[in-house]
Each structure stands twice: as structure tokens, then as C-alpha cells.
Amino acid sequence: MIKLNVLLSAFMFASSILTLFLALISLRWKTSYTKTLAFICFAVSLYSFGYGMELFNTDLKAMIFWNMVQHLGALFIPTLWLILALQYTAQTTLLKSLAFRLGIFIIPALTLIICFTNSFHQLYYTDQTYLYNSFFPVLHLEKGPWYIVQFIFLSICVMSASILYLAQYKKTAGPVRHVCLVMFFASFLPWLTAIMNLLNVSPYYFNWVPFAATISSILFLLALFQWHLLELKPLAKEKVFECTSDAIIILNNAFKIIDFNPSASKVLPSLTSDSLGKHIEKIFKEKTSITRSIFNGKKIVFNTVLDNCRCFFSISTSSIQTDKHKVIGWIITITDITRYVEMMSKLNRLATKDDLTGINNRRYFIERSTTELERLNRSKGSLSLIMLDLDFFKEINDRYGHQAGDVVLQAVAKVCQKNVRSFDILGRFGGEEFTILLPDTFLHDALKIAERLRGKIEALTVHYDNHKLKVTASMGITGIASVNEEDLNYLIKEADLALYLAKQEGRNCIRIKYNQDRHTPNPFP
């Protein structure tokens with residue numbers, strides 16, 4: 001009959017082979033932490049093999065020898081485990097410090113030296129003897145003061161790694177979440193058995209740590225094949241989720257928040273860790289249009305103030321479905337489109353506004369006026385048009401330069417803007433010529449507006465390079481009492497003829513040109 005110690009030794013040898021196999025597999029993947037995992041597996045393999053040999057032997061000296069061999073692997077497992085946790089959860093700031101990398105190995109290295117010189121000082125083990133457990137002799141070890149130091153160091157490493165995995169578990173979803181849970185439990189199993197060893201309460205006086213390490217190895221294999229522990233894809237997805245500039249919020253099928261990335265909390269400062277589990281309406285409680293778009297799956301644009309700047313965002317919602325097309329959640333993506341909005345606004349301004357004066361350019365004036373004419377044609381409303389040309393403008397350019405002329409044009413444009421109504425259409429028609437379309441306005445009202453405008457321009461003083469520039473304007477007016485199929489070209493032609501008369505008859509005056517048949521019998525009061 002095979003002895004129990006031989007069976008247990010065989011189990012330890014199998015565990016050693018298993019973890020060695022896992023170490024070799026780990027090296028096939030080229031990620032930042034696979035080398036660390038491979039070192040852990042090599043250490044566990046050596047630990048398991050050493051304990052298997054300790055169980056197999058019945059000679060005290062041989063057992064003590066193989067116990068020391070175990071420490072070549074066992075002492076460095078906690079350190080490597082913490083490094084793995086830091087790497088897997090992307091908390092690599094500490095690892096960039098050379099002092100930290102060297103310091104974290106000081107305790108294991110000192111412990112290894114103390115262990116191999118224990119016969120001189122008994123700091124690690126105060127006594128090493130036989131002890132029968134009803135089945136076969138086992139090595140009984142009385143712990144010394146340095147053993148306590150090593151155990152405290154082990155506990156710090158394990159607890160730190162567990163906290164990292166637990167934190168990562170809470171803020172992730174999918175395969176990475178499963179892996180973090182596996183790693184969390186894999187941290188605790190060997191540590192609990194180490195506590196049993198410390199307190200000398202291990203059943204049958206066995207060292208159960210290698211057995212627990214074997215179970216952890218099986219958990220590793222589960223994570224390896226079930227959730228692709230060593231593949232880059234799950235972590236790459238997680239990295240994209242964490243680092244993308246788009247704000248991403250993940251909801252369950254009840255529209256409750258289960259995760260969000262750092263960008264989301266920047267866009268929505270009210271989104272904090274306390275928001276997890278809350279309904280999305282509580283985040284957008286003052287913006288019902290946004291929550292309505294989320295529920296309806298429609299894309300909308302909203303704006304908000306961040307860092308004292310007006311920012312624009314597009315928000316879209318997509319469903320998370322199973323292979324059977326069952327909706328299990330939602331992904332909200334919020335994209336910053338501020339630069340796009342600003343660019344489109346700038347392009348729109350370039351397309352519609354005169355670059356010098358800031359009022360409508362000729363093309364946009366014609367476009368808007370044509371639209372207004374179509375409206376007035378339907379309502380049979382009245383309409384007037386003013387053509388304005390600055391008098392002797394060429395002399396200003398010739399005497400003071402074109403920059404002076406530009407300043408005068410800008411000043412006149414401002415006067416026009418201030419003295420027309422909000423629904424009037426003002427445009428720079430070309431050079432020093434301006435046009436004003438006056439909807440729902442009879443000629444006598446247009447004349448009042450033009451006269452007020454002429455007086456304001458005449459009173460205007462433009463300061464340029466220590467010079468005080470004066471300017472006047474001639475104007476031509478035309479109009480229709482009831483629009484009926486007239487087009488803009490007709491109106492412009494009529495107003496231009498009136499402007500020509502104003503120029504011919506002394507400038508700085510207003511002349512009117514209209515077809516009597518197109519007006520009421522008394523166009524003026």
C-alpha cells in the first residue's frame with residue numbers, strides 16, 4: 001500500500017509541474033506583467049517541489065535541507081505578487097522608482113540569508129524537530145522573531161495586492177472584472193494558510209501553503225483559458241475605456257449607472273463614485289431633453305460651461321446585447337464637439353459676413369433678402385430698399401491710405417447697425433456701398449429711417465492716426481406697397497437709379513424711385 005506521504009509528495013510534484021507549465025505559457029504572451037507572472041509560477045513550482053521532497057523524506061537533515069530549498073521560491077512570492085498587482089491594475093508609478101524596486105526585495109533577500117544561516121542565530125527558526133501526525137513524521141518548526149517580520153511583510157504585500165484587485169473589480173466590467181475577482185481570491189488562499197502555520201493550528205501539522213498555491217494555480221489556469229488573463233485585448237479595451245477623451249457611461253437595463261470613465265467625470269462634475277447604482281436621471285436632472293434622448297436612443301447636442309468656457313457635446317446611446325439580442329445595458333458616449341462647432345461657426349461667418357465690417361456680405365444679403373421677398377409675396381406685405389454710398393470715399397483712400405478707408409467703412413457699418421431695426425437686413429454690397437432691406441415698410445417710413453441714418457453718418461467723426469475724418473452718404477430708396485411677384489434685381493435696379501439721382505443732385509441727400517402702379521395712391525403721408 002502506498003504511503004500517505006508518498007501520495008502527498010506526488011501531489012506536490014504534480015503541482016510543481018503544473019505551475020512550471022503555467023510559467024512557460026505565460027512567457028508566450030508579450031505583456032508588461034507576463035514575465036512577473038512567470039517568475040511567480042517558477043517560485044511556486046520550486047516551493048511545491050521542495051515541500052514534496054520534504055514530505056517524501058523521513059530523515060531530519062534531508063527534511064531541513066529541502067525546507068531551505070523551499071525558501072528560494074517561497075520568500076519572493078509576496079513581492080512578485082504585489083508587483084503583478086501593480087502592473088495588472090496599471091498602477092505603475094511606484095514601479096518607476098528604483099528605490100521602490102530595490103526596497104521591496106530587501107526583506108525577502110535578508111530573510112533568505114537569515115534562513116540559510118539560521119543554525120548560527122536561530123532568528124528564523126528556534127527549533128527544527130520531528131513530529132508524528134498519526135500517519136508519518138513531519139518537520140516541526142518553532143518560529144523565531146524574524147519569521148514574524150517576514151510574515152508581516154507577506155501580509156502587507158498580500159493585502160496591498162488584494163486592495164488593488166478589489167478596486168479594479170469595482171470600476172471595471174466584463175472579462176477584466178472576472179480576472180480581478182480571481183486574482184483577489186488567489187491572493188487570500190495562501191495567506192490564510194500562512195496564518196495557520198504561524199499559529200501552529202494547521203491540520204495534521206502540514207504546511208498547507210503549497211497546497212493553497214496549487215489551488216491558486218488552478219485559478220490562474222481558469223482565468224487564462226476562460227477570460228484570457230494574459231491576452232492584451234481585454235486590457236486594451238479597458239485601457240481605451242480609461243484613456244479615451246470621449247466620456248463613456250455604462251448603464252444596466254434599468255438605466256442605473258454601473259461604470260464610467262475619467263473623461264465622464266470631467267464633463268459631468270456631479271458624476272462621482274457615489275453615482276454608481278443611481279438612475280441616470282439624477283445626473284441629468286435639470287436637462288430632461290438629454291435623458292429623453294438617452295431613453296429614446298437619439299443623438300443630440302448640448303452645451304455646458306466647463307472651466308469658465310462654453311463647451312459643446314454630442315451625446316449618443318447604444319445598447320449592449322447578448323448573443324441572443326437581449327438588451328442587458330446601455331453605453332452613453334459623450335463627445336466633445338466644441339472645436340467642430342467653433343469651426344463651423346467660423347466657416348458660417350466667413351460665408352455670410354463681410355470680413356471687414358462684420359455685417360452681411362453681398363451673397364448672404366441677397367440670399368436673406370430673396371427669402372424675405374418670398375415671404376412678403378405670400379402675405380402681400382410692403383417692402384422698401386435703401387442703397388447707400390459714401391461720398392468722395394476715394395479721396396479718403398488717396399489722401400490717408402486704404403487703412404483709413406477701412407476704418408471709415410467699419411465706423412459707418414456700426415452706425416447703420418445701430419440705426420436699423422432687428423428685422424431689417426443690412427449688407428455691404430461692394431466697396432463703399434451698403435444696402436438695407438426694410439420688410440413690411442412703406443416708403444414714408446423708409447424715408448424716415450434713411451434720413452435719420454444720413455444725419456448720423458454726417459455727424460460721425462472718425463479718428464485715424466491723429467486725423468479727424470468726416471464723411472457723408474448719398475442714398476436711393478425704392479419700395480413696393482404690396483409685393484406681387486417682384487424680384488430682388490428689380491428693387492436693386494430701382495434703388496440704384498435713385499442713388500444715381502442723389503449723386504447727381506449734390507450728394508449727402510436722399511432720392512426716391514418707384515413705380516406709381518406698384519404703390520398706394522399716396523405713398524407718403
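Our subject is the structure that appears above.
Residues numbered from 1 in each chain as written. Predicted model: local features only at pLDDT ≥ 70, side-chain atom pairs only at ≥ 80, totals over all residues. Heavy atoms only, no water.

Caption draft 1: Geometry of the pattern of salt bridges. Taken as a whole and judged by the stated rule, the model has 12 salt bridges. Asp398 is the salt-bridge partner of Lys394, the closest N and O atoms lying 2.9 Å from each other. Taken together, the residues Lys394 and Asp398, both in helix 16 (residues 393–400) and four residues apart, mark about one turn of the helix. Asp398 carries the same exposure label as Lys394, and that label is exposed. Several salt bridges converge on common partners, so that one network encompasses Glu372, Arg375 and Asp440. (Salt bridge = Lys/Arg side-chain N within 4 Å of Asp/Glu carboxyl O. Helix = DSSP H or I, 4+ residues; strand = E, 2+ residues; numbered from the N terminus. Buried < 20%, exposed > 50% of the residue type's maximum accessible area, 1.4 Å probe, protein only.)

Caption draft 2: Fine view of the sheet that holds strand 5 (residues 300–306). Ordered by their spatial adjacency, five strands build an open sheet running 4-3-7-6-5, and the pairing between neighbours is antiparallel. Taken across any chain shown, the strands that pair with only one partner, and hence form the sheet edges, are strand 4 (257–260) and strand 5. Taken pair by pair, the neighbouring strands of this sheet meet at an average axis angle of 25 degrees, ignoring direction. Relative to the sheet, helix 13 (residues 288–296) contacts strand 3 (247–252), strand 5, strand 6 (309–321) and strand 7 (327–336), its axis offset from that of strand 6 by approximately 25 degrees. (Pairing = 2+ DSSP bridges. Axes fitted to C-alpha atoms, helices over the stretch in contact; angles between N-to-C directions. Contact = heavy atoms within 4.5 Å.)

Caption draft 3: Expanded view of the pairing of strand 10 (residues 433–439). Counting buried residues along strand 10, seven of its seven residues qualify, which places the element largely inside the surrounding structure. Burial along strand 10 is two-sided: the residues Glu433, Thr435, Leu437 and Pro439 and Phe434, Ile436 and Leu438 are all buried. Here strand 8 (residues 383–390) pairs with strand 10 via seven bridges, running antiparallel. Opposite Leu388, over in strand 10, you have Phe434 as the bridge partner. Bridging between strand 9 (residues 425–430) and strand 10 involves five bridges; their strand directions are antiparallel. Residue pairing for strand 10: Gly427 is matched across the bridge by Thr435. Hairpin geometry of strand 9 and strand 10 is characterised by an intervening segment of two residues between the two adjacent antiparallel strands and by a positive phi of about 55 degrees at Gly431.

Caption draft 4: The arrangement of a positive patch on the surface in detail. A contiguous patch of positive charge on the surface is contributed by Lys256, Lys278, Lys282 and Lys285. You can call Lys256 partly exposed: its relative accessible area is 37%. (Patch = residues over 30% accessible without salt bridge, like charges linked within 9 Å, V, L, I, M, F, W, Y side chains within 5 Å. Areas by Shrake-Rupley, 256 points an atom, 1.4 Å probe, with all protein chains shown as cover. Lys, Arg positive; Asp, Glu negative; His and termini not counted. Charge placed at Lys NZ, Arg CZ, Asp CG, Glu CD.)

Caption draft 5: How the structure looks around the packing of aromatic side chains. Scanning the model with the defined rule gives 18 aromatic pairs in all. Geometrically, the ring pair formed by Phe76 and Phe105 is tilted, given 6.4 Å between the ring centres and 35 degrees between the ring planes. Of the two residues, Phe76 is situated in the loop between helix 3 (60–74) and helix 4 (77–88) and Phe105 in the loop between helix 5 (98–103) and helix 6 (106–116); the sequence distance between them amounts to 29 residues. Here Phe184 and Phe185 contribute two aromatic rings whose centre-to-centre distance is 5.6 Å and whose plane-to-plane angle is 75 degrees, an arrangement assigned as edge-to-face. Here a set of aromatic residues connected by ring pairs shows up, and it is made of Phe11, Tyr51, Trp208 and Phe211. Its guanidinium or amino end placed over the ring of Tyr147, Lys143 lies 5.7 Å from that ring's centre, counting from NZ or CZ. (Phe/Tyr/Trp six-rings, centres within 6.5 Å; stacked < 30°, edge-to-face > 60°. Lys NZ or Arg CZ within 6 Å of the ring centre and 35° of its normal.)

Caption draft 6: Structural context of empty space enclosed by the protein. Tallying each qualifying case throughout the model produces two cavities of 30 Å³ or more. Roughly 790 Å³ of internal volume is contained in the largest cavity. Around the largest cavity sit 40 residues that line it, and Tyr47, Ala194, Asn197, Asn207 and Val209 are the ones nearest its centre. Counting only elements with at least two residues in the lining of the largest cavity, the list comes to helix 2 (34–56), helix 3, helix 4, strand 2 (137–143), helix 8 (145–170), helix 9 (175–198) and helix 10 (209–226). (1 Å grid on protein atoms, 1.4 Å probe; cavity = no way out; pocket = protein on both sides within 12 Å on 5 of 7 lines; lining within 4 Å. Points joined across faces, edges and corners; volume = space filled by probe spheres on them.)

Caption draft 7: Representation of the sheet that holds strand 13 (residues 473–480) within the structure. The strand order across the open sheet formed by five strands is 9-10-8-13-14, and the pairing between neighbours is mixed. Strands with a single pairing partner mark the edges of an open sheet, and in this sheet they are strand 9 and strand 14 (510–512). Averaged over all neighbouring strand pairs, the angle between strand axes comes to 20 degrees, with direction disregarded. As paired elements, strand 8 and strand 13 share eight bridges and run antiparallel to each other. Each residue of the ladder has a partner; that of Ile386, found in strand 13, is Ile477.

Caption draft 8: View of the packing of helix 1 (residues 4–26) against helix 2. Interhelical geometry of helix 1 versus helix 2 gives an angle of 165 degrees and a closest axis separation of 8 Å. One finds that helix 1 runs roughly antiparallel with respect to helix 2. Crossing handedness for the pair helix 1 and helix 2: left-handed. Its residues placed into classes, the contact of helix 1 with helix 2 shows 18 nonpolar, 10 polar and no charged. (Parallel < 35°, antiparallel > 145°, perpendicular 65-115°, else oblique. Left-handed = near helix turned anticlockwise from the far one by under 90°. Nonpolar A, V, L, I, M, F, W, Y, C, P; charged D, E, K, R; others polar.)

Caption draft 9: Representation of the state of the cysteines. Inspection of the entire model under this criterion finds zero disulfides. Cysteine Cys157 is unpaired, with the sulfur of Cys41 as its nearest cysteine sulfur at 17 Å. Overall, Cys157 belongs to the buried group, its relative accessible area being 2%. No disulfide involves Cys309; its sulfur sits 6.1 Å from the nearest other cysteine sulfur, which is in Cys311. (Disulfide = S-S within 2.5 Å.)

Caption draft 10: Examining the nonpolar core more closely. By size, the foremost hydrophobic cluster in this structure holds 39 residues, and its most contacted members are Trp81, Leu82, Leu84 and Tyr165. When contributions to this core are tallied by element, the ones reaching two or more residues are helix 1, helix 2, helix 4, helix 8, helix 9 and helix 10. With nine residues, the single largest contributor to this core is helix 4. Discounting chain neighbours no more than four positions away, the residues touching Leu84 are Tyr33, Thr36, Leu37, Ile40, Tyr165 and Met183. Within the second largest apolar cluster, 34 residues are counted, among which are Leu388, Ile396, Val408 and Val415. (Core = buried A, V, L, I, M, F, W, Y, C linked by side-chain atoms within 4.5 Å.)

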